[in-house]
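Analysis of the macromolecular model
Okay, here's what each chain looks like letter by letter:
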Amino acid sequence: MKTVKNMKKWFTSLTLLGFVLAVTFNWSLLVSSKKPSDEEVAYVDDKARHYSETGQERLLSLAPSAKVHQDITSLDEALLKIKNLEQRLKDIEFRIPKKYPEVNFLTFKDRKRILVTGGAGFVGSHLVDRLMMEGHEVIVVDNFFTGRKRNVEHWIGHENFELIHHDIVNPLYIEVDQIYHLASPASPPHYMYNPVKTIKTNTVGTINMLGLAKRVGARVLIASTSEVYGDPEVHPQTESYWGHVNPIGPRACYDESKRVSETLAYSYGKQENVAVRVARIFNTYGPRMHSNDGRVVSNFILQALTGQDITIYGSGKQTRSFQYVSDLVDGLIKLQNSNYSMPVNLGNPDEHTIEEFASIIHDMVGGKSHIIHKDAMEDDPQRRKPDITRANHVLGWQPLVPLQQGIKKTVEYFRRELMRSKHSERNLHDPVEAGNLRKALSNGVLTDV
Ligand SMILES: NC(=O)c1ccc[n+]([C@@H]2O[C@H](COP(=O)([O-])OP(=O)(O)OC[C@H]3O[C@@H](n4cnc5c(N)ncnc54)[C@H](O)[C@@H]3O)[C@@H](O)[C@H]2O)c1
């Protein structure tokens, strides 16, 4: 028995010795080989970069110039191998579970199951970021008509997150505590694309969401719009103003169906005791806006970034007031969790003419674009400015992000989007940073973002 043990020991020691010798021998070979000069290393680096940028790595060892430098060829090969290995590592990294932003932990008492319809859209995805960061369980329902998976891709796979491909015109049976009902095309080209579908989404879809809220006892927030005021005769618009909408104009499919959506909410509130919140959202902008939705901010930024003329429809004297998306998200969450059930305007009262917007964006982006005028659009409201006294009073809410800072963030986003050339590039947007923007501004920590 003892002899066997001794033999095992000897065998292990011999194997170890062999291994050490082999390593030492290879190492000495490596260190004794000619060390290339700095110029040679720089030359090979340069070649490797050139071939990898042009997708011709395999030519590296065949290049005539590389052949002249025989001793460098081995270095070429090594570099090539390293490059290949790096690429394989990237591929593997792509497959292993992702890292998620650090979300808050809520106990079962405080954690809510929250449904966000239209959560893959522009506003919805920012709302999802905020709710996820707060530690809630979030279910996104979207038919991807104008939304994109990419807007929420950084949460896919997270234990608190679920994405459901579903059209809200069809009933939905799930269990939730709160609903943010945002699903609806929101910009003129999108809602005019299929007016009947827009009406169905805002009527039948809203009935489905209110019905769900009734069944499971959830509270529901309806994303209404300043368009319920139409082309207003009252300025600024307060919630008590009933509006001035053309019921058969090109915008009617959206304006009127949103008005019905509000009526439905209050009918379910009164008749079925559903807890409803109604947010009348004014023009909002920020990263993840659609690049082809024809809205003023995205249009102007994209035209400026691509060196095209910046087009103003009409005189340019018509006014708009734009709020940055993180301000809106803050207002939506405050409203949902308040005990106030009448409609609340959420918008930025800082009013500018369209002409002013054009020159702010023109100056910020630089470039050679000219500002030009085209014919006015039909039923284009002349003035739009929210009166936010109610939001301030009942929610303690007001927008914080100044126009210049918001525009700067949005320009950065579109610049990155224009540079993007691959589908697989991960969404660079950082929800932590976005959530912190408003917080930092409200604490006076940030002056420039
Ligand atoms: N962005 C603004 O300036 C603004 C202003 C006023 C009101 N709103 C309202 O806010 C909400 C969100 O607007 P947004 O700017 O994020 O628009 P968006 O188009 O980016 O988002 C809407 C989302 O709803 C989804 N959707 C549309 N129809 C659907 C259906 N039938 N079933 C399921 N999903 C559907 C879309 O795919 C998209 O993801 C909308 O209700 C809009 O009316 C927005």
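Residues numbered from 1 in each chain as written. Predicted model: local features only at pLDDT ≥ 70, side-chain atom pairs only at ≥ 80, totals over all residues.

- The name given to the protein in an unreviewed UniProt entry is UDP-glucuronic acid decarboxylase 1, with Scylla paramamosain as the source organism.
- The UniProt entry for the protein carries the following text under Sequence similarities (unreviewed entry): "Belongs to the NAD(P)-dependent epimerase/dehydratase family. UDP-glucuronic acid decarboxylase subfamily." (UniProt positions renumbered as here; feature names shortened; annotations may be inferred.)

Describing the overall build of the protein
- Each helix and strand counted, the protein has 14 helices and 13 strands in total.
- Within the protein, the fraction of its 449 residues that count as buried is 37%.
- Within the protein, contacts between residues separated by at least 24 positions form 79% of all contacts whose residues are at least 6 apart in sequence. (Helix = DSSP H or I, 4+ residues; strand = E, 2+ residues; numbered from the N terminus. Buried ≥ 20, exposed ≤ 12 C-beta atoms within 10 Å, placed from the backbone. Contact = placed C-beta atoms within 7 Å.)

Considering the site of the ligand
- Within the structure, the ligand sits among 29 residues, and Gly118, Gly121, Thr146, Gly147 and Ala186 are positioned closest to it.
- Those elements giving two or more residues to the shell around the ligand turn out to be α5 (122-134), α7 (195-216) and β5 (219-225).
- It is α5 that contributes the most residues to the shell around the ligand, 3 residues altogether.
- In the shell around the ligand, the residues fall into 13 nonpolar, 14 polar and 2 charged. (Near = placed C-beta within 6 Å. Nonpolar A, V, L, I, M, F, W, Y, C, P; charged D, E, K, R; others polar.)

Considering the confidence of the model for the protein
- Considering every residue of the protein, the mean pLDDT works out to 85; 78% of them sit at 70 or more.
- This stretch, residues 23-33, has a pLDDT under 50; its non-local contacts, to residues over four places away or in other chains, come to 0 contacts.
- Long-range and interchain partners of residues 444-449, a stretch whose pLDDT sits below 50, account for 6 contacts in this model, where long-range means more than four residues apart. (pLDDT = per-residue confidence, 0-100.)

Observations regarding α5
- Look at α5: 19 Å from first C-alpha to last across 13 residues, which is about the 18 Å you get at 1.5 Å a residue.
- Most of α5 is tucked away: 10 of the 13 residues are buried.
- Along α5, the residues classified as buried are Phe122, Val123, Gly124, Ser125, His126, Leu127, Val128, Asp129, Leu131 and Met132.
- Positive phi appears at glycine 135, one or two residues downstream of α5, with a value of about 105°. (Expected span 1.5 Å × (residues − 1).)

Considerations on the environment of glutamine 323
- Mapped onto the secondary structure, glutamine 323 falls in strand β10 (residues 323-324).
- For glutamine 323, a count of 26 C-beta atoms within 10 Å puts it in the buried group.
- Taking the C-alpha atoms as reference points, glutamine 323 and tyrosine 285, separated by 38 residues in sequence, lie 6.3 Å from one another.

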